[in-house]
Amino acid sequence: DLVTLDKVKYVTVFEEEGHSTEEMKQEIQKHLKRKRQVLSQIPYFVSVGNYSVDCHNFRHTMANKCQELAKLVMDLINKCGRLRANKVREEFAGIAARCQ
């Protein structure tokens, strides 16, 4: 799931679903929890018979992907807040213009 997840497609679909800020907060927490799980569950090295497999890069790649997903959702919250603020500003400017 995490290995094949396309970050851009994920955020696009998530944005189109129209989640509330609270739901986005929960999604961020989910990704940060998954990051902690990845770091705790994937070891640096795995012994396979006489061989030792280095999992360090894969471990950090997966943890970073979780972090990036959380950041993308944070950026989405920022974008939604900016759009709402602009809308309020435009409405206020319209009201102010009518009052003058």
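So, here is what we can say about the structure in this document. (Residues numbered from 1 in each chain as written. Predicted model: local features only at pLDDT ≥ 70, side-chain atom pairs only at ≥ 80, totals over all residues. Heavy atoms only, no water.)

**A short note on the overall build of the chain**
Move 1: For the chain, the helix and strand inventory stands at three helices and two strands.
Move 2: Taken over the C-alpha trace, the chain has a radius of gyration of 21 Å; the compact-globule value for 100 residues is 13 Å, which it surpasses by more than 25%.
Move 3: Taken along its principal axes, the extent of the C-alpha atoms in the chain is 85 × 20 × 20 Å.
Move 4: For the chain, the residues scored as buried account for 21% of the 100 residues in total.
Move 5: Accessible area for the chain stands at about 7,500 Å²; split by element, carbon and sulfur atoms hold 56% of it.
Move 6: Taking the average location of the 17 positive side-chain charges in the chain and that of its 13 negative ones, the two points are 4 Å from each other. (Helix = DSSP H or I, 4+ residues; strand = E, 2+ residues; numbered from the N terminus. Rg over C-alpha atoms; globule rule 2.2 N^0.38 Å. Buried < 20%, exposed > 50% of the residue type's maximum accessible area, 1.4 Å probe, protein only. Areas by Shrake-Rupley, 256 points an atom, 1.4 Å probe, with all protein chains shown as cover. Lys, Arg positive; Asp, Glu negative; His and termini not counted. Charge placed at Lys NZ, Arg CZ, Asp CG, Glu CD.)

**Here we look at the pairing of strand E2 (residues 51-54)**
Move 1: Where strand E1 (residues 45-48) and E2 come together, four bridges link them in antiparallel fashion. Looking at the pairing, valine 46 lines up with valine 53 of E2.
Move 2: Linking E1 back to E2 in an antiparallel pair, the connection comprises two residues, with glycine 49 at a positive phi of about 65°. (Pairing = 2+ DSSP bridges.)

**Points about helix H3 (residues 56-99)**
For an α-helix the count is 3.6 residues per turn, leaving residues at separations of three or four pointing the same way.
Move 1: With 44 residues, H3 ought to run about 64 Å at 1.5 Å a step, and its terminal C-alpha atoms sit 64 Å apart, in line with that.
Move 2: The inward-facing, buried residues of H3 abut helix H1 (7-16) and helix H2 (21-41). (Expected span 1.5 Å × (residues − 1). Contact = heavy atoms within 4.5 Å.)

**Focus on the pattern of salt bridges**
Move 1: Tallied over the full model, the rule gives five salt bridges.
Move 2: When the shortest N-O distance is used, the salt bridge between glutamate 27 and lysine 30 registers 3.1 Å. Here lysine 30 and glutamate 27 lie together in helix H2, a separation of three residues that amounts to about one turn.
Move 3: Of the residues examined, lysine 30 reaches a relative accessible area of 39% and is grouped as partly exposed. (Salt bridge = Lys/Arg side-chain N within 4 Å of Asp/Glu carboxyl O.)

**Some details on the nonpolar core**
Move 1: Ranked by size, the top nonpolar core spans 16 residues in total, and within it Leu2, Tyr10, Phe14, Met24, Val38 and Val73 carry the most contacts.
Move 2: Mapped onto this core, the elements with two or more residues apiece are H1, H2 and H3.
Move 3: Counting residues per element, this core draws most heavily on H3, at seven residues.
Move 4: In this view, methionine 24 contacts Phe14, His19, Val73, Leu76, Ile77 and Cys80; residues no more than four positions away in its chain are not counted. (Core = buried A, V, L, I, M, F, W, Y, C linked by side-chain atoms within 4.5 Å.)

**What to know about a nonpolar patch on the surface**
Move 1: A cluster of nonpolar residues, Val46, Val48, Tyr51 and Val53, forms a patch on the protein surface that exposes about 370 Å² of accessible area.
Move 2: Locating valine 48 in the fold gives a position in strand E1. (Patch = residues over 30% accessible without salt bridge, like charges linked within 9 Å, V, L, I, M, F, W, Y side chains within 5 Å.)

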